[in-house]
Amino acid sequence: NVDLTLLRSSMNEGFLIGSTDLIGSLIGYRKNREECAAMRRQMFISAIQKVRKEFRRNRVQTFMDLATDRETLDLLARKQREEAQSPLEQEHVVTWVKKHVVKLGKKMLKRMNNSRKKWKGTDVEGPPVQSFRESAFVLFGVFFTMLTVLKVQNAISNADKTFAFKGGGTWAGTLCVIFALTPAPVGQPRQIFAAQLWNVLVGLVLRRIPTGSQQDFMAWDSASFGLPLIWKESLAVAIGVAGQAKLGILHPPAAGLSYMFVSKEELSWATISTLYLLDVIVVALSVLILNLSEAKQYPLFWFGFEWENTGRNWHLPWRRKLVPLENSVVNNGDDRNV
């Protein structure tokens with residue numbers, strides 16, 4: 001049943017009238033829009049017809065006419081040669097070169113000025129001193145490990161000269177990093193083995209380059225063939241250090257191996273076995289001695305596959321977990337020794 005009173009009410013009548021006006025305005029707008037579109041279409045067609053009439057009257061040359069007209073092509077080629085040889089073009093080149101030279105000079109001056117400001121350094125404090133107890137522990141560990149390495153090194157040298165390797169300075173630097181900077185990534189086993197192998201390979205490969213003479217830094221002996229020895233030594237150290245940085249296997253004491261293997265002919269592939277045997281001794285003794293301390297733990301990682309590399313994490317189920325110290329407590333998410 002329909003309520004006629006509500007149907008005929010002023011509110012309903014106003015709604016119906018407004019709806020009718022809206023529908024009518026939409027229809028009227030659509031009609032005018034179609035008329036405008038038809039007018040634009042007609043204007044476009046008229047413009048095309050005018051262009052066609054102009055082409056038919058030969059008042060405007062087509063692209064085909066320009067491409068096949070010999071005189072027009074010769075004229076364009078002559079103008080191009082004149083522009084290439086004109087003083088204005090040369091002045092434009094000179095201006096361009098001058099602009100870029102000035103820009104480069106300003107950039108170099110800015111770089112030099114920034115470099116000068118860095119000379120004064122920052123207010124960062126140096127590394128903290130260690131206690132007498134910690135220093136005594138480092139003294140004992142380094143002395144015992146270095147004594148063992150030198151003993152084994154001399155025994156191998158006396159037994160067979162082919163495997164002899166006199167490189168005590170290499171393990172001196174390694175022991176400094178391991179015992180004095182135990183948490184440093186550069187002293188972990190992966191860094192030691194990988195960095196030493198890389199530098200040994202660099203030295204052996206660059207040794208294959210013929211050695212020309214023993215001239216000084218910039219002297220070049222034209223009578224001999226090959227690179228001066230000092231150039232090969234410098235190049236070996238440079239490639240060794242840069243390669244460590246690129247591969248993420250930094251271990252500073254290993255950089256000296258590239259210099260030793262490129263300059264000493266008695267060092268060969270057989271020496272690598274002695275080198276790695278002594279490395280194993282150094283790492284094994286460091287693990288045994290350092291983990292006796294309540295404040296030190298070594299190593300922090302063996303292979304480092306859990307490190308983030310190019311956005312990916314390598315998680316291996318068999319990798320070694322860090323063993324928390326007995327005297328460490330968790331306080332607000334931080335590990336602090338007490």
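Residues numbered from 1 in each chain as written. Predicted model: local features only at pLDDT ≥ 70, side-chain atom pairs only at ≥ 80, totals over all residues. Heavy atoms only, no water.

### Details of the overall build of the chain
Counting its regular elements, the chain contains 11 helices and 4 strands. Looking at the chain as a whole, 24% of its 338 residues qualify as buried. Per element, the accessible surface of the chain, about 25,400 Å² overall, is 64% carbon and sulfur. (Helix = DSSP H or I, 4+ residues; strand = E, 2+ residues; numbered from the N terminus. Buried < 20%, exposed > 50% of the residue type's maximum accessible area, 1.4 Å probe, protein only. Areas by Shrake-Rupley, 256 points an atom, 1.4 Å probe, with all protein chains shown as cover.)

### Some words on helix α8 (residues 189-207)
The terminal C-alpha atoms of α8, which comprises 19 residues, lie 27 Å apart, in line with the 27 Å expected from a rise of 1.5 Å per residue. By the burial criterion, the buried members of α8 are Pro189, Gln191, Ile192, Ala195, Gln196, Asn199, Val200, Val202, Gly203, Leu204, Leu206 and Arg207. (Expected span 1.5 Å × (residues − 1).)

### A word on the packing of aromatic side chains
In total, this model carries 2 aromatic pairs according to the counting rule given. Centre to centre, the rings of Phe193 and Tyr276 are 5.6 Å apart; their planes meet at 15°, and the pair counts as stacked. Separated by 83 residues along the polypeptide, Phe193 in helix α8 and Tyr276 in helix α11 (residues 270-290) bring together distant segments of the chain. (Phe/Tyr/Trp six-rings, centres within 6.5 Å; stacked < 30°, edge-to-face > 60°.)

### A short note on the side chain of Gln191
Position of Gln191 among the secondary structure elements: in helix α8. A relative accessible area of 2% means that Gln191 is categorised as buried. Once residues within four sequence positions are removed from consideration, Gln191 is found in contact with Pro185, Val186, Gly248, Ile249, Leu250 and His251. (Contact = heavy atoms within 4.5 Å.)

### Brief notes about unusual backbone geometry
In this structure, the amide linkage connecting Tyr298 to the following residue, Pro299, adopts the cis form with an omega of 0°. Summarising the element assignment, Pro299 is placed in the loop between α11 and β1 (308-309).

### A look at a nonpolar patch on the surface
Judged by side-chain polarity, Val93, Trp96, Val97 and Val101 come together as a nonpolar surface patch covering roughly 380 Å² of accessible area. One can find Val93 in helix α5 (residues 87-118). When its relative accessible area of 43% is taken as the criterion, Val93 is described as partly exposed. (Patch = residues over 30% accessible without salt bridge, like charges linked within 9 Å, V, L, I, M, F, W, Y side chains within 5 Å. Salt bridge = Lys/Arg side-chain N within 4 Å of Asp/Glu carboxyl O.)

### What to know about the packing of helix α6 (residues 132-159) against helix α7 (residues 168-180)
Relative to each other, α6 and α7 sit at 155°, their axes nearing to 10 Å. With respect to α7, the element α6 is oriented roughly antiparallel. Note on packing geometry: the crossing formed by α6 with α7 is right-handed. On α7, the residues that touch Val138, Gly141, Val142, Thr145, Met146, Val149 and Gln153 of α6 are Gly168, Trp171, Ala172, Leu175 and Phe179. Classifying every residue of the contact of α6 with α7 by side-chain character gives 8 nonpolar, 4 polar and no charged. (Axes fitted to C-alpha atoms, helices over the stretch in contact; angles between N-to-C directions. Parallel < 35°, antiparallel > 145°, perpendicular 65-115°, else oblique. Left-handed = near helix turned anticlockwise from the far one by under 90°. Nonpolar A, V, L, I, M, F, W, Y, C, P; charged D, E, K, R; others polar.)

### Here's the deal with α6
The terminal C-alpha atoms of α6 lie 41 Å apart, and with 28 residues this matches the ideal 40 Å at 1.5 Å per residue to within 8%. Taken as a whole, α6 has its buried residues at Val138, Gly141, Thr145, Met146, Val149, Gln153, Ile156 and Ser157. Of the surrounding secondary structure, the elements contacted by the buried residues of α6 are α7 and α11.

### Some points on the nonpolar core
Membership of the largest hydrophobic core comes to 25 residues, with the highest contact counts inside it found for Phe165, Trp171, Ile178, Phe179, Val200, Leu257 and Phe261. Those elements that place two or more of their residues in this core are α6, α7, α8, α10 (255-263) and α11. In terms of residue count, α11 provides more of this core than any other element does, 9 residues in total. In this view, Phe165 contacts Gln153, Trp171, Leu257, Met260, Phe261, Leu267, Thr271, Thr274 and Leu275; residues no more than four positions away in its chain are not counted. (Core = buried A, V, L, I, M, F, W, Y, C linked by side-chain atoms within 4.5 Å.)

### Looking at the side chain of Ser258
Relative to the helices and strands, Ser258 is located in helix α10. Judged by its relative accessible area of 0%, Ser258 falls in the buried class. For Ser258, the side chain forms a polar contact with the main-chain oxygen of Ala255, separated by 2.8 Å. Those residues in contact with Ser258, other than ones at most four positions away along the chain, are Asn199, Val202, Gly203, Ala236 and Val237. (Polar contact = N/O pair within 3.5 Å; in protein donor to acceptor, adjacent residues only side chain to side chain.)

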